[in-house]
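Chain and residue survey
One-letter residues, chain by chain:
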Amino acid sequence: FPFSDGNENGVNEDEGEQRTHESAASLDDNEKAATPTYNSSKPKWWKRLSNRKATKSQRRAMREMDAYRFQRHAEVPHGKRLTDWDEIFGPLQDSTERRRVWIELGCGRGENVLALAHRYRSDPCLSIIGAEIHQSGLGNIFVRLQQAQQRHAYWTGYTTFGQIAYDKFQNVHPHEEENPALNRGEWSSETHSDPYRNVRIFRGDCMKLITLHLPEDLVSRILVTFPDPFPHESGETLRLFQRDTVREFHRVLEPNEGFLCLATDHQGFFEWSLRIMSHSIDDIGSWKRQEKVDRMKWLPAISSYEEKGWREGRRTNISCCLESNSAMTFQVCQANSA
């Protein structure tokens with residue numbers, strides 16, 4: 001992803017959140033009506049980045065590990081949505097259990113998807129889908145999946161959000177029992193016959209996954225991690241958060257239990273997302289802010305993108321939104337890297 005300059009205005013964290021909330025709440029009907037819809041047709045420079053070829057070994061891994069790709073049966077008509085997750089993951093061993101599916105949109109090099117699979121490895125009912133369009137990121141994920149299958153182990157080379165980060169990011173509370181280890185060993189010591197059996201990777205525009213394949217009320221958690229902010233005004237329609245995309249997120253999330261989580265280090269995009277959530281009140285109900293969000297539950301890994309932002313002085317903004325029948329509970333916190 002192209003990097004942005006992030007927050008450089010030195011706004012106080014609490015004041016910034018309050019002003020963002022007030023400005024979002026004060027938008028009138030004309031401004032709501034003027035909110036653009038999502039434009040999936042990206043500019044040429046963006047397409048050049050996303051179409052940048054993966055390496056030869058990465059392309060080979062993508063071919064050989066095709067079983068981990070999110071794919072439908074050939075006889076399924078185009079545009080027909082899923083009826084249940086067994087079509088993608090196969091049936092659960094215990095048919096009385098309920099499957100929970102988390103989807104990470106724009107999963108990049110896959111650090112967080114693989115970290116989540118490792119973290120919840122003892123939960124057979126949790127399945128994870130990572131969606132990514134950039135070939136180099138996809139190639140990296142499939143190489144890790146291939147190596148894991150060969151070693152019968154989980155990849156643990158990701159950077160963990162632990163005590164070192166907690167000292168800097170007081171608003172974000174990891175579990176106290178979490179090991180504060182950074183730069184961990186590359187592979188887990190325990191062996192597994194098929195470590196990532198509950199992971200699937202969707203190759204392409206993440207909104208196509210949401211709109212074309214997923215039915216109502218079937219997703220437990222949607223994770224939007226460091227999407228391209230398209231910081232210029234001319235790129236507003238390209239941003240992932242729009243009123244129509246938020247409606248789609250709401251449509252596929254489980255009633256009263258589904259979460260929409262966002263992580264971004266671009267202050268402008270974060271404020272834009274808050275405004276979009278405010279705009280969506282008429283569509284899907286109301287929301288309210290809470291002070292703390294436990295990122296360890298859904299964002300345990302520090303990606304190379306996020307780490308670069310920390311070094312350059314950007315801060316990570318995190319929010320979670322709980323879907324309900326008539327309202328969405330919106331949780332917001334900001335973590336300052338200074």
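Everything here concerns the structure above.
All of these numbers come straight from a predicted model, not from anything done at the bench. (Residues numbered from 1 in each chain as written. Predicted model: local features only at pLDDT ≥ 70, side-chain atom pairs only at ≥ 80, totals over all residues. Heavy atoms only, no water.)

Turning next to the environment of Glu257. For Glu257, the location among the structural elements is in the loop between α10 (243-252) and β6 (259-264). A C-alpha to C-alpha distance of 9.6 Å links Glu257 and Asp217, two positions 40 residues apart in sequence. Residues within four places of Glu257 in sequence aside, it is in contact with Arg98, Ser220, Leu322 and Glu323. A distance of 3.3 Å separates polar atoms of two side chains, one belonging to Glu257 and the other to Arg98. (Helix = DSSP H or I, 4+ residues; strand = E, 2+ residues; numbered from the N terminus. Contact = heavy atoms within 4.5 Å. Polar contact = N/O pair within 3.5 Å; in protein donor to acceptor, adjacent residues only side chain to side chain.)

Before going further, it helps to spend a moment on the packing of helix α9 (residues 206-213) against α10. Running from N to C, α9 and α10 cross one another at 55°; their axes reach a closest spacing of 10 Å. When the axes of α9 and α10 are compared, the pair comes out oblique. Two packed elements cross with a definite hand, and for α9 against α10 that hand is left-handed. The residues of α10 that touch α9, namely those facing Met207, Ile210 and Thr211, are Thr245, Glu248, Phe249, Arg251 and Val252. Its residues assigned to classes, the contact of α9 with α10 comprises 4 nonpolar, 2 polar and 2 charged. (Axes fitted to C-alpha atoms, helices over the stretch in contact; angles between N-to-C directions. Parallel < 35°, antiparallel > 145°, perpendicular 65-115°, else oblique. Left-handed = near helix turned anticlockwise from the far one by under 90°. Nonpolar A, V, L, I, M, F, W, Y, C, P; charged D, E, K, R; others polar.)

In terms of burial, α10 is largely enclosed, as 8 of its 10 residues are buried. Of the residues making up α10, those classed as buried are Arg243, Thr245, Val246, Glu248, Phe249, His250, Arg251 and Val252. (Buried < 20%, exposed > 50% of the residue type's maximum accessible area, 1.4 Å probe, protein only.)

Time to look at the nonpolar core. By size, the foremost hydrophobic cluster in this structure holds 40 residues, and its most contacted members are Phe142, Leu145, Tyr196, Ile201 and Trp298. Secondary-structure elements contributing two or more residues to this core are α4 (56-64), α6 (111-119), β2 (126-132), α7 (135-151), β4 (199-203), β6 and β8 (316-323). Listed in part, the 35 residues of the second largest apolar core include Leu105, Cys206, Phe249 and Phe270. (Core = buried A, V, L, I, M, F, W, Y, C linked by side-chain atoms within 4.5 Å.)

In total, this model carries 14 salt bridges according to the counting rule given. Arg98 is the salt-bridge partner of Glu254, the closest N and O atoms lying 2.8 Å from each other. Placement of the pair is Glu254 in the loop between α10 and β6 and Arg98 in the loop between α5 (86-89) and β1 (100-105), with a sequence separation of 156 residues. (Salt bridge = Lys/Arg side-chain N within 4 Å of Asp/Glu carboxyl O.)

Topologically, Glu132 is positioned in strand β2. Look at Glu132: it is buried, it has no salt bridge, and the nearest opposite charge is Arg109 at 10 Å. (Lys, Arg positive; Asp, Glu negative; His and termini not counted.)

Turning our attention to the side chain of Arg315. Following the sequence through the fold, Arg315 ends up in the loop between α13 (304-311) and β8. A distance of 3.1 Å separates the side chain of Arg315 from the side chain of Gln267, its partner in a polar contact.

Applying the stated criterion across every chain yields a total of 9 aromatic pairs. Summarising the aromatic geometry, the rings of Phe226 and Tyr305 are spaced 5.6 Å apart at their centres and angled 50° between planes, so their arrangement reads as tilted. Linking Phe226 in the loop between β5 (221-225) and α10 with Tyr305 in helix α13, this pair joins segments that are 79 residues apart in sequence. Like Tyr305, Phe226 is buried. Here Phe241 and Phe269 contribute two aromatic rings whose centre-to-centre distance is 6.2 Å and whose plane-to-plane angle is 85°, an arrangement assigned as edge-to-face. (Phe/Tyr/Trp six-rings, centres within 6.5 Å; stacked < 30°, edge-to-face > 60°.)

Another point: a positive patch on the surface. Together, Lys53, Lys56, Arg59, Arg60 and Arg63 line one region of the surface with positive charge. Take Arg60: it is sitting in helix α4. A relative accessible area of 36% means that Arg60 is categorised as partly exposed. (Patch = residues over 30% accessible without salt bridge, like charges linked within 9 Å, V, L, I, M, F, W, Y side chains within 5 Å. Areas by Shrake-Rupley, 256 points an atom, 1.4 Å probe, with all protein chains shown as cover. Charge placed at Lys NZ, Arg CZ, Asp CG, Glu CD.)

Our focus in this paragraph is the pairing of β6. Side-chain positions along a regular strand alternate between the two faces of the sheet. Of all 6 residues making up β6, 6 are buried, and the element is well covered by its neighbours. Side-chain alternation along β6 places Phe259, Cys261 and Ala263 on one buried face and Leu260, Leu262 and Thr264 on a second face that is also buried. The sheet contact formed by β5 and β6 spans 5 bridges and is parallel. Considered in β6, the bridge of Val224 is made with Leu262. (Pairing = 2+ DSSP bridges.)

With that out of the way, let us pick up unusual backbone geometry. Although it is not a glycine, Asp217 adopts a positive phi angle of roughly 60°. With respect to the secondary-structure elements, Asp217 resides in the loop between α9 and β5. A residue is classified by how much of its surface remains accessible, and Asp217, at 39% relative accessible area, is partly exposed. The phi dihedral of Phe230 is positive, around 40°, even though this residue is not glycine. By the element assignment, Phe230 lies in the loop between β5 and α10. Judged by relative accessible area, Phe230 falls into the buried class, the value being 6%.

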